Each structure stands twice: as C-alpha cells, then as structure tokens.
Amino acid sequence: MLTLPSGPFADCHQFLDPKPFLEECVYDMCVTGGERLTLCRGLNAYAQACVDLGISVREWRSRTNCPLTCPANSHYELCSPACPPSCNSEARPTNCSSRPCVEGCVCLPGFVASRGLCMPVSSCGCIFQDRLLAPGQEVYADEKCHLRCTCDGATQKVICRNTTGCLPKEHCGVQNGSFGCFPEYFRICRASGDPHYMSLDERIFNFMGTCTYLFTASCGQHPSLPDFKVFIENERRGSQSVSFVRSVKLEALGIKLEVRREYQGKVLVDGILHYLPFQALGGKLVVFRQGKYAILRTNFSLSVSYNWDTHVTAKVPSNYFNSVCGLCGNFNGDPRDDLGKQIRAEAIDPRDFGKKWLVSSHLGCRTDEQHLCPDFNKGLVSNITQNCRIFTNISGHFKHCWRVPAYNSAYIECAYDCCRMPGQTKPLCDTLATYTAICQSSGVIVYPWRTETLCREYQEYQLGIESNACSLAYK
Ligand SMILES: [Ca+2]
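In the nomenclature of an unreviewed UniProt entry, the chain corresponds to VWFD domain-containing protein from the organism Mus musculus.

Shown next as structure tokens:
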C-alpha cells in the first residue's frame, strides 16, 4: 500500500520516497510475526512524514483496519484543522490558515483541545495580567485589595468590581505566595484534661458536662465569611465526677467532619470513615495527622485539632472577632464576659454557662455535675504540690514555657485533676502531654520528661529525641 501508484499515499511519492518506509515496515512485521499494530505503526510513520511536509494523504485507516483511538468528547477526521481551537487562542501559531489539514481527532462542539484531551470550553479559565485564572477564581487587581476581579468560566472574561477592601482585623498582603486579604492574628480555644477550658479571650474555667456541646461557631459574622460549627462530645471515664472529650465535629462548607476517640488515625466524613490524610472540595477542607493530633483545616483559616484522647483546640482567625459563640466565648478581647454577663456580685457558675451550649444529650450524660473538688484536704494538697511541681520548677523540663501565656494555668489544671482523681497517674501524664503540645506549638523547647517511672506507658510517643535522653530523672 505504501508504494502503490494508485494507493492512498500516491500523492506523496514525488516528495518523499516511500521505499525506506516499506523496507522498515516489512522488517518490523517480520520481527513481530506479522502483528497488526506494527503494520499500523509503519503506515502511520509515512503518513505522518507526508503531513509534516505539507502533503495530505487519502484515507488509509479503514481499509487497513488501523483505527485511530480518540479521547472522550472527540471524533476522528482524516482532514482536520492544523491548529485546532484551544483554551489559549492567543498562543496559536500565526500561519495556521495556510497550513494543510491533518489527520487526527477533532473535539466535539463546546470542547477545546487541552493537553491531549478535549475539555469543556467553560473549564478554560481566563488570562489576566499575564497569569491564568481558574474559572471562578478571584484575585485583587490593585495593591490595596479594593479592586476584586473574577474569572467567568463561561465567557473566559475577567469581571472586576470595586469593593470596600479587606474586612476589619484583616490585612492586605502576600501569604504563602498569594496576594489578598488575610487575618491579622489568631486565637486558640482549648479543652483539655477532665476537661478544663480556655476561651478565645483566655478565660480559664472547669466544666464537667458529659453531653454534646457547641465548642465554638460563627455567630453574626460578616456575610462574606463562611459559617462554621465545632462540637465536642464529652464522656465520663472511670471517675464519676470528671469528663473527657470523646469526639470533635466540624461542620463547614456543607461537609461534616468528625474525629472520634475510638477511630484512632481516621476521620468520619458525612458519616463515612476515611483514612488520613483526607481532603474535600478541592482542598478547601483538609484533615491530616501531625504528631499525635488530627488537624482539621479550612481554606478560611479556621483549624481544629484533637489528639483522639483529651486535648481539643480551635484556632479562630481574627476576622471572626466578636462574631463567635459557644463554650469558647465571644472573641471580643475581654475575658470577663466569656461565661455570660455577671449579674450583681454573684459568681458565674460554669454549669449554667455549659447548659446554654448544650446541643444534644446521649443516654446517661449530665450537664450539672458538681465541679468542686469533694475531698480536698491538706494531705492531698501537699500530694498535689508534689506531683505538679514539674510545672512550676523554673529550671525544670518546662523552664522555657513561661513565655507561653496559656502555660500559666498548667499548675492549676494539674492540681485540679490530681485532686479529682487521687492516686491516678493518667491525669498528670495527660496534663504534661497537653502542655508539651501547647509549648511546642509556640516554638518553645520542652525537655524530655517521661521516665521509667513517670508516664512510662507512652514511651513510644517520645519527643523525637533519643530515648536515652529521657533518663533525666524527674525529681
Ligand atoms: Ca469575651
């Protein structure tokens, strides 16, 4: 067929000698035992060489049974345009109209060629200030974050509008390589131990409820900021008067994420169990593991962590200032009003506050647990002081932690837990682990404190330091 004077390649013979192609084809067919694919490849080589010289060949594929497989949303054509429509029409070669047609796959109407495939025109994105924007992507076109431009996928045009600029408690600048409005700062709320709470405004209180509560949620924020809700479910473990976190839920961007104590290393996404790391909505929500913690992070700078055991944090960006509610308080910079407004000189009872944020009750859960230490006696006090001295030792393992504001409550929490659960070492170990994480997350070094006799059961979770370094005795 390659050399037939009346064959499909005849028009090309005077420009390109087909004999070497014929010889090569025969040789390859001999080597492969007459394989059809080899024949197709040999014929295609000559057809392609002719097209490259600007010579069109006639239809040869059907009579040789060498069909061309075309990607989705395209069909085969013997004579198709040399420069098919693509997302970037400006990048088209200038001499397209004078080029002869080529054999190949042609995208169906409404689709364009992109990286060897046919994509819907609406997925092309826009070219703006010499950069490519994805459909729906928004950027600022000025240095003060006032002119906001959006790529319209349907038209590939960028639409710009004037805005009032960044929200209060946001700054306009560059972060992680992208330019836009970002929170000025963050505040952390946490529940730890049995459990102790520290609100976003750093109010510390104890609340022993064992039901499900609203930990923190958006409440009346700016309309451009997404809604979110973080719930914690507590449980009683052993002791009758204390509670621990059993589950943390984050609802944001239409997805429900839950990290439960019984599913170590995993996350429930809308009720279905997934291994970590996990991401949804093209990375707008991600869940990954960092040390002993599950980190749930959103694209609007809110993140939640839980160590599948006792310690939960919610890191809230400053653009939600004075626009959150729940056990973590209102985030208005004033710790005094975090348990609600004080009426006259009466002390505020965290149980009343906790009741306010009760979301659901499971069988046997209680919100009105006594929160005072029942058998607080002098013997116990000295015992507590002994156990918790590790936190107050100014030259000890936590000696650099004093510059971390949240560390101030470490000793109180430790004493409280030891009082609640006398004779047990787990509360002390948990408090030590919690404050290790708090100090380390502030970039402060904590010296290895686990020993053969203290908190030995977690030896495998060392601080990333060789285990012999931990023989430093706790005194
Ligand atoms: Ca407050």
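S.K.: Lay out the sheet that holds strand 24 (residues 303–306) with the relevant residues and their values.
M.R.: Adjacent strands of a sheet form backbone hydrogen bonds with each other and so pair up, either parallel or antiparallel. Within the open sheet, the 8 strands sit side by side as 14-13-12-25-24-23-22-21. Their pairing is antiparallel. The open sheet has two free edges, formed respectively by strand 14 (204–206) and strand 21 (278–280), since each of these has just one partner strand. Going from strand to strand, the sheet's axes swing by 15° on average, the running direction of each strand aside.

S.K.: Which residues make up the pattern of salt bridges, and what are the values?
M.R.: Taken as a whole, this structure holds 12 salt bridges when the rule is applied. Notably, a salt bridge pairs Arg261 with Glu235, separated by 2.8 Å at the nearest N-O pair. Taken together, the residues Arg261 in the loop between strand 18 (255–260) and strand 19 (266–269) and Glu235 in strand 16 (residues 228–235) connect sequence positions 26 residues apart. Classification of Arg261 by relative accessible area gives partly exposed; the value is 29%. Here Asp309 ties to Arg261 by a salt bridge, and the two come within 4.0 Å at their closest N and O atoms. Taken as a pair, Asp309 in the loop between strand 24 and strand 25 (312–317) and Arg261 in the loop between strand 18 and strand 19 lie far apart in primary sequence, 48 residues in all. Within this structure, Glu233, Glu235, Arg246, Glu258, Arg260, Arg261, Glu262 and Asp309 form a network of salt bridges that share partners.

S.K.: Please set out the sheet that holds strand 8 (residues 147–152) residue by residue, giving values where relevant.
M.R.: On the basis of which strands lie adjacent, the open sheet formed by 3 strands has the order 7-8-9 and antiparallel pairing. Looking along the sheet, the strands with just one partner apiece sit at the ends: strand 7 (138–140) and strand 9 (157–162). Strand after strand, the sheet turns through a mean of 25° between neighbouring axes, direction not considered. Strand direction decides the pairing type here: strand 8 and strand 9, joined by 6 bridges, are antiparallel. In the sheet register, Cys149 faces strand 9, and the bridge partner there is Cys160.

S.K.: If you had to explain the state of the cysteines to someone new, which residues and values would you point to?
M.R.: Summed over all chains, the structure comprises 12 disulfides. One disulfide bridge connects Cys166 with Cys181, the sulfur atoms lying 2.0 Å from each other. Across the disulfide from Cys166 to Cys181, rotation about the S-S bond amounts to roughly -85°, and the bridge is consequently left-handed. In this pair, Cys166 sits in the loop between strand 9 and strand 10 (170–175) while Cys181 sits in strand 11 (residues 178–183), placing the two residues 15 residues apart along the sequence. Two residues share a disulfide in this structure: Cys189 and Cys328, whose sulfurs sit 1.9 Å from each other.

S.K.: Can you break down unusual backbone geometry residue by residue, with the values?
M.R.: For the bond running from Leu276 to Pro277, omega is -5°, close enough to zero to count as cis. Of note in this structure, Asn73 is not a glycine but carries a positive phi near 65°. The topology assignment puts Asn73 in the loop between helix 3 (61–64) and strand 1 (74–80). For Asp270, which is not glycine, the phi dihedral falls at a positive 45°.

S.K.: So, the packing of aromatic side chains: which residues are in play, and what are the values?
M.R.: Applying the stated criterion to the full structure yields 18 aromatic pairs. Ring geometry for Phe21 and Tyr46: centres 5.0 Å apart, planes at 70°, overall edge-to-face. Linking Phe21 in helix 1 (residues 19–31) with Tyr46 in helix 2 (residues 36–52), this pair joins segments that are 25 residues apart in sequence. Each ring, one from Tyr197 and one from Phe205, has its centre 5.2 Å from the other, and the planes form 15°; the classification is stacked. What links up through ring pairs into an aromatic cluster is the set Tyr197, Phe205, Phe207, Tyr213 and Phe353. When the ring centre of Phe321 is taken as origin, the NZ or CZ atom of Lys169, which lies over that ring, is 4.1 Å away.

S.K.: Can you explain the packing of helix 1 against helix 2? Please cite residues and give values.
M.R.: As a packed pair, helix 1 and helix 2 sit with axes 9 Å apart at the nearest point and diverge in direction by 165°. With respect to their mutual orientation, helix 1 and helix 2 come out roughly antiparallel. The handedness of the crossing between helix 1 and helix 2 is right-handed. Contacts from Phe21, Cys25, Asp28 and Met29 of helix 1 reach helix 2 at Thr38, Leu39, Gly42, Ala45, Tyr46 and Ala49. Each residue belonging to the contact of helix 1 with helix 2 can be placed in one class, and the counts come to 7 nonpolar, 2 polar and 1 charged.

The rules we used
Residues numbered from 1 in each chain as written. Predicted model: local features only at pLDDT ≥ 70, side-chain atom pairs only at ≥ 80, totals over all residues. Heavy atoms only, no water. Pairing = 2+ DSSP bridges. Helix = DSSP H or I, 4+ residues; strand = E, 2+ residues; numbered from the N terminus. Axes fitted to C-alpha atoms, helices over the stretch in contact; angles between N-to-C directions. Salt bridge = Lys/Arg side-chain N within 4 Å of Asp/Glu carboxyl O. Buried < 20%, exposed > 50% of the residue type's maximum accessible area, 1.4 Å probe, protein only. Disulfide = S-S within 2.5 Å. Phe/Tyr/Trp six-rings, centres within 6.5 Å; stacked < 30°, edge-to-face > 60°. Lys NZ or Arg CZ within 6 Å of the ring centre and 35° of its normal. Parallel < 35°, antiparallel > 145°, perpendicular 65-115°, else oblique. Left-handed = near helix turned anticlockwise from the far one by under 90°. Contact = heavy atoms within 4.5 Å. Nonpolar A, V, L, I, M, F, W, Y, C, P; charged D, E, K, R; others polar.

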